Amino acid sequence: MSVLAYTLAVFILATAVATVLFRDVLSVIIVFGAYSLGMAILYTFLLAPDVAMTEAAIGAGVTTLLLLLTIARTTRPSTDRLRERVHLPAVAVVGAFVLLLCVAVLPEMYAVGITETPVWSNPDVTQHYIRETYAQTGVSNAVTSVLAAYRGFDTFGEAVVVFAAGVSTLLVLKREVFA
Amino acid sequence: MPDPYDDTYTESQVIMTAVKIIAPFTLTYGLFMTFHGGDAPGGGFQGGTIVGVTVLMLAFAFGIEPTRQWLRNSFLVGLITGGVIIFGAIGLGMIALGGNFLEFYQLKEIFHIKPKWGLEAIEIAGISLIVSGVMISLFFSMAAGFSPERPSGTGGREESADRGVSDDD
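- As annotated in an unreviewed UniProt entry, chain B carries the name Multisubunit sodium/proton antiporter MrpB subunit and is attributed to Natrinema hispanicum.
- Regarding chain B, the relevant UniProt record gives this comment under Subcellular location (unreviewed entry): "Cell membrane".

- If you check an unreviewed UniProt entry, chain A appears there as Multisubunit sodium/proton antiporter, MrpB subunit from Natrinema hispanicum.
- Under the UniProt heading Subcellular location (unreviewed entry), the note attached to chain A is "Cell membrane".

## Digging into the overall build of chain B
In step 1: Check the secondary structure of chain B and you find seven helices and zero strands.
In step 2: Secondary structure elements in chain B, listed N-terminal to C-terminal, are α-α-α-α-α-α-α.
In step 3: Looking at chain B as a whole, 40% of its 169 residues qualify as buried.
In step 4: The long-range share in chain B, meaning contacts at least 24 apart out of those at least 6 apart in sequence, stands at 67%.

## Brief notes about the nonpolar core
In step 1: One finds Leu56, Ala59, Ile130, Met135, Phe139 and Ala143 of chain B to be the most contacted residues of the largest nonpolar core, which totals 53 residues.
In step 2: Going through the elements one at a time, helix 3 (49-73), helix 6 (142-150) and helix 7 (152-173) of chain A together with helix 2 (44-62), helix 4 (73-96) and helix 6 (116-144) of chain B are the ones with two or more residues in this core.
In step 3: A total of 15 residues in this core trace back to one element, the largest contributor, which is helix 6 of chain B.
In step 4: Sequence-distant contacts of Phe139 of chain B, defined by excluding residues within four places in its chain, comprise Leu66 and Leu69 of chain A together with Leu56 and Ala59 of chain B.

## Considerations on the UniProt feature "transmembrane region" (unreviewed entry) in chain B
In step 1: Per the UniProt record, the feature "transmembrane region" (unreviewed entry) sits at residues 12-32, 44-64, 76-97 and 117-140 of chain B.
In step 2: End C-alpha to end C-alpha, residues 44-64 of chain B measures 26 Å, and it is 95% helix and 0% strand.

## Comments concerning the packing of helix 3 of chain A against helix 6 of chain B
In step 1: Their axes nearest at 9 Å, the elements helix 3 of chain A and helix 6 of chain B cross at an angle of 15°. The pairing of helix 3 of chain A with helix 6 of chain B is recorded here as roughly parallel in orientation. Judged by the twist between their axes, the crossing of helix 3 of chain A over helix 6 of chain B is right-handed. Packed against helix 3 of chain A, whose contacting residues are Val62, Leu66, Leu69, Thr70 and Arg73 of chain A, the element helix 6 of chain B presents Met135, Leu138, Phe139, Met142 and Ala143 of chain B at the interface.

## Comments concerning the interface of chain A and chain B
In step 1: Opposite the 42 residues of chain A that make contact, chain B presents 53 residues.
In step 2: Contributions of two or more residues to the side of chain A that touches chain B are made by helix 3, helix 6 and helix 7 of chain A.
In step 3: A total of 14 residues in the side of chain A that touches chain B trace back to one element, the largest contributor, which is helix 3 of chain A.
In step 4: For the side of chain A that touches chain B, the per-class residue count stands at 25 nonpolar, twelve polar and five charged.

Reading the values: rules and limits
Residues numbered from 1 in each chain as written. Chains lettered and ligands numbered in written order. Predicted model: local features only at pLDDT ≥ 70, side-chain atom pairs only at ≥ 80, totals over all residues. UniProt positions renumbered as here; feature names shortened; annotations may be inferred. Helix = DSSP H or I, 4+ residues; strand = E, 2+ residues; numbered from the N terminus. Buried ≥ 20, exposed ≤ 12 C-beta atoms within 10 Å, placed from the backbone. Contact = placed C-beta atoms within 7 Å. Core = buried A, V, L, I, M, F, W, Y, C linked by C-beta atoms within 7 Å. Axes fitted to C-alpha atoms, helices over the stretch in contact; angles between N-to-C directions. Parallel < 35°, antiparallel > 145°, perpendicular 65-115°, else oblique. Left-handed = near helix turned anticlockwise from the far one by under 90°. Nonpolar A, V, L, I, M, F, W, Y, C, P; charged D, E, K, R; others polar.

Structure below.
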């Protein structure tokens, strides 16, 4: 992890805290968009460009637009205070939980990219898709080949879930047409 | 085109110009990601989202109501259900060729083409259609919103006329 990655991690933490603390809804939506963009860049640092693109398009793009549309259709409560009031007992409980995670769980996690991780403990399986993808499917992006060829049935289910999301929106809004 | 009932829209020269410049690039990038997902990062889900976002951006810049009249309900429903039907049909087609559901190996043995083309077909004609259609539809349904007094199941245009009258009081 380079200096840039650490700077990015600090930026993500700062925007996440700002999302919680800001009082004004529009400010919250804007910092939340910045948080998603930071996460997308962090995913590219972790060599997961497919996830990064999804995060940038869905998290920073569509979610921000839909939230903006929601406050445009409902109300944006006017406020003079910059900061949300902090509930101290809740902060204490959540803080204790985070501290526990940092002390007990974080040291047990493997460093990024080392070969002792459990994922690599069975190289016959994990290396199989990386080695055989091009010969078996003819595409060079292993993520796409697993998604659409090796696990095509799962992806069919996912696509139907997206379809169901569209249908259930109509049900919730009690409408029969989208437009 | 200022509409009295479209209270989500404010005409802004800055946004309109920015979207005019950006939209061709995002549309091209979304299509590239969809069609080139096999050999580069991306694929139907990401590409379909970016194509959908291009329409959302246009709606934000030039008004939701004109965009909604341009993209009819039947077109959106056709995109979403068509994507699911094409995806399922390709899967069943592989059974017809003697394999399992969505098993593209049959393409190699019967037609002597790479299994890649079956995979690209479900990415381009299945997933990306469903995802872009649902993105645009979610946006339009949320923009239309929900009000209890409005009768359910009416088309966009009749309804907006109703709203125009009821908002006057």
